[in-house]
Amino acid sequence: MNAKARKQLIATTDVNQHLGSGLESPKSMMSALMKSTDELFMVLVKLKLNLHYDDLGQRMSVDGTTVSRIVHKWIDLLFPCMKKLVDWPAKDSILNTLPDSFFRFNRNVRCIIDCTEFFIERPSSFNARSKTWSNYKHHNTVKCLIGMCPQGVITFISKCYGGRISDKEITNDSGFLDKLDHGDVILADRGFLVREEFAVRGASLIIPAFTKGHKQLPPSELDKSRAMARVRVHVERIIGVLKRRYGILKGPIPISLVKKKTDTVYATLDKIMVICAGLVNLGNGIVPATESG
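Residues numbered from 1 in each chain as written. Predicted model: local features only at pLDDT ≥ 70, side-chain atom pairs only at ≥ 80, totals over all residues. Heavy atoms only, no water.

## Structural notes on the overall build of the protein
Within the protein one finds 12 helices and 7 strands. Taken over 293 residues, the protein has a buried fraction of 42%. By sequence separation, contacts in the protein at least 24 residues apart represent 62% of the contacts at least 6 residues apart. Split by element, the accessible area of the protein, about 16,600 Å² in all, is 55% carbon and sulfur. (Helix = DSSP H or I, 4+ residues; strand = E, 2+ residues; numbered from the N terminus. Buried < 20%, exposed > 50% of the residue type's maximum accessible area, 1.4 Å probe, protein only. Contact = heavy atoms within 4.5 Å. Areas by Shrake-Rupley, 256 points an atom, 1.4 Å probe, with all protein chains shown as cover.)

So, in structure tokens, the structure goes:
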């Protein structure tokens, strides 16, 4: 190749590289053309199936980084809308539609509460590791309080706390006590040692009878415990529905979806929990229709 031809080849290569540098990759171009409905669909798939970002990207012809950005964007957009679906109903509306099983047990039941844990990835911070370590689960977890009205709808969901926190501490800190009215009856498990806090607000907490130190419960206490178990089990069922229906909650949840550096009042996982709870409330209730009063 002579010198003139070599110069022409170099010049052509430089021009091509210059032009190429201003062009977007096919995946970047596809991400710019994605419709809002496609983005929303992708986020719902993430919540439902918990597919990796790269997997979702391959399916939607975008890169994994773009998927991550879209997921976080839509979590922020969906949160205020879905928060309206996790609402504390008026006392009269609960009483007027009380299922038969609760009407027979205690017509003043306002809510059934329970705490549940979710596995998360191991945090890099030693302080965060300590706060999220659950001796019960032997894993790093976050924990939240969930409340359900007798009709089978999630009416309260707290922020997420480190897994080492107690049920009592969550109840006192979450704002749940501020929801109570005089005469309310709340059903819970034995771990909720907050009867005094409820009594101050004129509400009653009913928990199963303690069997420690007793070979057998008196017949009256046994009948009460059985009756309570039949109605309290619904909160365990709604938590089960929440975890089975949305694979993202099965964990371990990535730290990036637990909390971002830019999160302020609500962490990313707080928002995800509310979104999933709101979507559950949009479905059919878990209390059988034959029990509706």
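The discussion continues.
## Some thoughts on the environment of phenylalanine 176
Residue placement: phenylalanine 176 occurs in the loop between helix H9 (167-173) and strand S6 (185-187). According to the relative accessible area criterion, phenylalanine 176 is buried, its value standing at 0%. Each C-alpha atom, one on phenylalanine 176 and one on leucine 145, is 8.8 Å from the other, the two residues being 31 residues apart in sequence. The residues contacting phenylalanine 176, other than those within four sequence positions of it, are Trp88, Cys111, Ile113, Leu145, Phe156, Thr171, Ile186 and Phe198.

## Notes on the pairing of strand S3 (residues 139-148)
Within S3, 9 of the 10 residues are buried, which leaves the element mostly enclosed by the surrounding structure. Pairing geometry for strand S1 (residues 109-119) and S3, over 8 bridges, is antiparallel. The partner of threonine 116 across the bridge, within S3, is cysteine 144. The pairing of strand S2 (residues 133-134) with S3 spans 2 bridges and is classified as antiparallel. Residue pairing for S3: serine 134 is matched across the bridge by histidine 139. Connecting S2 to the next strand, S3, in antiparallel fashion are 4 residues, including histidine 138 with a positive phi near 55 degrees. Where S3 meets strand S5 (residues 161-162), 2 bridges bridge the pair, whose relative direction is antiparallel. Looking at the pairing, valine 142 lines up with glycine 162 of S5. Sheet topology places S3 next to strand S4 (residues 154-157); 3 bridges connect them, and they run antiparallel. When the bridges of S4 are listed, isoleucine 146 appears paired with isoleucine 157. (Pairing = 2+ DSSP bridges.)

## Points about the packing of aromatic side chains
What the rule picks out here adds up to 4 aromatic pairs. Where phenylalanine 79 meets tyrosine 266, the ring centres are 4.8 Å apart and the plane angle is 55 degrees; that geometry is what we call tilted. Remark: tyrosine 266 occurs in the loop between helix H11 (219-245) and helix H12 (268-282) and phenylalanine 79 occurs in helix H5 (residues 64-83); sequence separation between them is 187 residues. You can call phenylalanine 79 buried: its relative accessible area is 8%. Judged by centre distance (5.7 Å) and plane angle (85 degrees), the ring pair of tryptophan 88 and phenylalanine 176 falls under edge-to-face. A residue pair is termed long-range when its members are at least 10 positions apart, and tryptophan 88 in the loop between H5 and helix H6 (91-96) and phenylalanine 176 in the loop between H9 and S6 qualify at 88 residues. (Phe/Tyr/Trp six-rings, centres within 6.5 Å; stacked < 30°, edge-to-face > 60°.)

## With respect to the pattern of salt bridges
Applying the stated criterion across every chain yields a total of 9 salt bridges. In this structure, aspartate 181 and arginine 110 form a salt bridge, with 3.1 Å as the shortest nitrogen-oxygen distance. Of the two residues, aspartate 181 sits in the loop between H9 and S6 while arginine 110 sits in strand S1, which places them 71 residues apart along the sequence. Between glutamate 236 and arginine 232 there is a salt bridge, with the nearest N and O atoms lying 2.5 Å from each other. Of this pair, glutamate 236 and arginine 232 both sit in helix H11, 4 residues apart, which is roughly one turn of that helix. (Salt bridge = Lys/Arg side-chain N within 4 Å of Asp/Glu carboxyl O.)

## Some details on the packing of H5 against H12
It is the contact of H5 with H12, at a shortest axis distance of 8 Å, that shows an interaxial angle of 55 degrees. Comparing the axis directions of H5 and H12 gives the class oblique. The two elements H5 and H12 cross, and the hand of that crossing is left-handed. Here H5 contributes His72, Ile75, Asp76, Leu78, Phe79, Met82 and Lys83 to the contact with H12, which in turn contributes Thr268, Lys271, Ile272, Val274, Ile275, Gly278, Leu279 and Leu282. In terms of residue class, the contact of H5 with H12 is made up of 9 nonpolar, 3 polar and 3 charged. (Axes fitted to C-alpha atoms, helices over the stretch in contact; angles between N-to-C directions. Parallel < 35°, antiparallel > 145°, perpendicular 65-115°, else oblique. Left-handed = near helix turned anticlockwise from the far one by under 90°. Nonpolar A, V, L, I, M, F, W, Y, C, P; charged D, E, K, R; others polar.)

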